Amino acid sequence: VLSRAENKLILLDFYSDNWGGCVRLDAETFTNNDVIEFSKKHFISLKYDAWYDSTGKELFSNYNGHGIPLLVFINSKGEEVDRIVGFKPHDEYLSFINNVVDGKSTYLDLYNKFKSGERSESILEVLSDKSDIMKNDDLSYDIYSFINQNKNDFSSDLIEKSEFFFASKEEGEKMIMLLNKFISNHPKSLKA
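What this report covers is the structure whose coordinates are included nearby. Along each chain, residue indices are assigned from 1 in the same order as the chain's sequence is written. Local features in a predicted model are, by the rule used here, given only for residues with pLDDT of at least 70; side-chain atom pairs are given and counted only at 80 or more, and totals for whole chains, interfaces and linings are based on all residues. Side-chain metrics rest on all non-hydrogen atoms present in the structure, leaving aside hydrogens and water.

1. Quick look at the sheet that holds strand E3 (residues 70–74)
Strands pair, by our definition, only if DSSP identifies at least two bridges between them. Put simply, DSSP marks the helices as runs of H or I at least four residues long and the strands as runs of E at least two long, and each gets a number from the N terminus on. The 4 strands are arranged E2-E1-E3-E4 in an open sheet whose pairing can be described as mixed. Each end of this open sheet is capped by a strand with a single partner; those strands are strand E2 (43–49) and strand E4 (80–85). For this sheet the average axis-to-axis angle between neighbouring strands, irrespective of direction, equals 15°. Summarising the sheet, strand E1 (residues 9–15) and E3 pair through 5 bridges and their orientation is antiparallel. Looking at E3, one finds that Leu 11 is bridged to Phe 73. The contact criterion used is simple: two residues touch if any of their non-hydrogen atoms lie within 4.5 Å. Here the axes come from fitting lines to C-alpha atoms, over the contacting stretch only for helices, and the angles between their N-to-C directions go from 0 to 180 degrees. The sheet strands contacting helix H4 (residues 54–62) are E1, E2 and E3, and the helix crosses E2 at an angle near 110°.

2. Side note on unusual backbone geometry
Backbone torsion omega between Ile 68 and Pro 69 reads -5°, so that peptide bond is classified as cis. One can find Pro 69 in the loop between H4 and E3. Within the chain, Asn 64 stands out as a residue other than glycine whose phi angle is a positive 55°. Looking at the element boundaries, Asn 64 is found in the loop between H4 and E3. Only protein chains enter the accessibility calculation, which uses a 1.4 Å probe. A residue is then buried if its area is under 20% of the maximum for its type, exposed if over 50%, and partly exposed in between. Judged by relative accessible area, Asn 64 falls into the partly exposed class, the value being 29%.

3. Notes on the packing of aromatic side chains
Only rings of Phe, Tyr and Trp enter the pairing, Trp through its six-membered ring, and a pair is recorded when the two centres are within 6.5 Å. The plane angle decides the type: under 30 degrees is stacked, over 60 is edge-to-face, the rest tilted. With the rule as written, the count across this model stands at 12 aromatic pairs. Relative to Phe 96, the ring of Phe 73 has its centre 6.0 Å away and its plane inclined at 45°; by these criteria the two rings are tilted. Placement of the pair is Phe 73 in strand E3 and Phe 96 in helix H5 (residues 90–102), with a sequence separation of 23 residues. Note on Phe 73: relative accessible area 0%, which makes it buried. Among the residues examined, Phe 96 registers a relative accessible area of 15% and is labelled buried. With a centroid separation of 5.2 Å and 75° between ring planes, the pair formed by Phe 165 and Phe 166 is classed as edge-to-face.

4. With respect to the pairing of E3
For E3, the tally of buried residues reaches 5 of 5 residues, placing the bulk of the element in the interior. In the sheet, E3 pairs with E4 via 5 bridges, with the strands oriented antiparallel. In the strand pairing of E4, Phe 73 is matched with Asp 82. Between E3 and the antiparallel strand that follows it, E4, lie 5 residues; Gly 78 among them carries a positive phi value of about 85°.

Nothing here speaks to function; it is all geometry.
This is the structure we're talking about:
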């Protein structure tokens, strides 16, 4: 109700005082003057300790939180617009929250396009990443099933990503085979 009255999005900031990414986000990103100004104009910000506060733990669980810092952006209808997991420097954060406010390339924007029948590779690639971050297995299943059924229309990277999703739901040989394929195709991704 308050977000509708003020025409603002709600930002749920799940954190812990003893987690490095949360400390950095507070110290380096949220203290930036451009971030402060933009946030005051567009968000009602609520901060919850995801590990030590009972309300925070419950909300974190309700939003299927798996890592912190977790920033969840909610519109006046109560819909999740998008989320960030982990630290982002202020310039990347500003770019991200501008898209959230504009409704461009957000989870909700891409989800609505997907549900209305848009199936371009650019939409599916970004939406699948966002779905994976949200741990929305039902949506991931729909996206990756479509990709698998239409393999000729998509890049080998997106096909491999869909195969990896399904293999991760399996146990044993199939998962080992796919992991070995991924490692051989992406040797640089495993270097520290």
